[in-house]
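If you want the building blocks of each chain, they are given just below.
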Amino acid sequence: MKVFLTRRLTLCASHRLHAPQLSDEDNLRIYGKCNPPNGHGHNYEVKVTVYGEVDPVTGMVINAVDLKEYMQKAIMEPMDHKCVDKDIDYFKDKPSTAENIAIYIWQQLEPYMKNEKCSLYKVQLCETENIVTEYMGEEG
């Protein structure tokens, strides 16, 4: 029987929606107010869901303290209070949309999950109360 466990965190980061392959005029037309030269910030909410069998001894899918530590290292340390476009190499050649940020978070978390019996199921990124992105990996 598979059980799902979700852990949540909030982080503050800034970004500028800007595709390096497009002209400044096209970026402004596409991204509008989200394309100011100095960027803008969000209080992101990130939810990470894992799934697996409940361990018969511990009664857990994953130790929530371990998942918290993985999220701290994979998400908070590289992203919190940063300008993702300038501080994270992943975004040097792609726009820091909610979609791309969710993919980045998944890729950051994946290595930590290799030693766990459970699997990464979903990364949910709430950029605002009205913009929510979910990424479930290549096969999701």
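Residues numbered from 1 in each chain as written. Predicted model: local features only at pLDDT ≥ 70, side-chain atom pairs only at ≥ 80, totals over all residues. Heavy atoms only, no water.

## Remarks on a nonpolar patch on the surface
No. 1: Judged by side-chain polarity, M1, V3 and V54 come together as a nonpolar surface patch covering roughly 290 Å² of accessible area.
No. 2: Of note, V3 is situated in strand β1 (residues 2-15). (Patch = residues over 30% accessible without salt bridge, like charges linked within 9 Å, V, L, I, M, F, W, Y side chains within 5 Å. Areas by Shrake-Rupley, 256 points an atom, 1.4 Å probe, with all protein chains shown as cover. Salt bridge = Lys/Arg side-chain N within 4 Å of Asp/Glu carboxyl O. Helix = DSSP H or I, 4+ residues; strand = E, 2+ residues; numbered from the N terminus.)

## Focus: the packing of aromatic side chains
No. 1: One pass over the structure, following the stated rule, counts 8 aromatic pairs.
No. 2: Centroid distance Y51 to Y121: 5.7 Å. Interplanar angle 80°. Geometry classified as edge-to-face. Residue Y51 is located in strand β2 (residues 40-53), and its partner Y121 is located in strand β4 (residues 119-126); the two are separated by 70 residues in the primary sequence.
No. 3: Note on Y51: relative accessible area 25%, which makes it partly exposed.
No. 4: Y121 gets classed as partly exposed once you look at its relative accessible area, which sits at 29%.
No. 5: Relative to F91, the ring of Y90 has its centre 5.0 Å away and its plane inclined at 80°; by these criteria the two rings are edge-to-face. Of the two residues, Y90 and F91, neither departs from the other in class, the shared state being buried. (Phe/Tyr/Trp six-rings, centres within 6.5 Å; stacked < 30°, edge-to-face > 60°. Buried < 20%, exposed > 50% of the residue type's maximum accessible area, 1.4 Å probe, protein only.)

## Re the sheet that holds β1
Adjacent strands of a sheet pair through backbone hydrogen bonds, lying either parallel or antiparallel.
No. 1: Pairing is mixed in the open sheet, where 5 strands are placed in the order β3-β1-β2-β4-β5. Looking at which strands have only one partner, the edges of the open sheet turn out to be β3 (82-83) and β5 (132-135).
No. 2: For β1 and β3, the ladder comprises 2 bridges, and the chain directions are parallel. Its bridge partner lying in β3, S14 is registered against C83.
No. 3: Helix α2 (residues 64-79) rests against β1, β2 and β3 of the sheet, and its axis sits at about 25° to β1.
No. 4: Sheet contacts for helix α4 (residues 98-113): β2, β4 and β5; angle to β4, the most-contacted strand, approximately 150°. (Pairing = 2+ DSSP bridges. Contact = heavy atoms within 4.5 Å. Axes fitted to C-alpha atoms, helices over the stretch in contact; angles between N-to-C directions.)

Just geometry here; none of it tells us what the structure is for.
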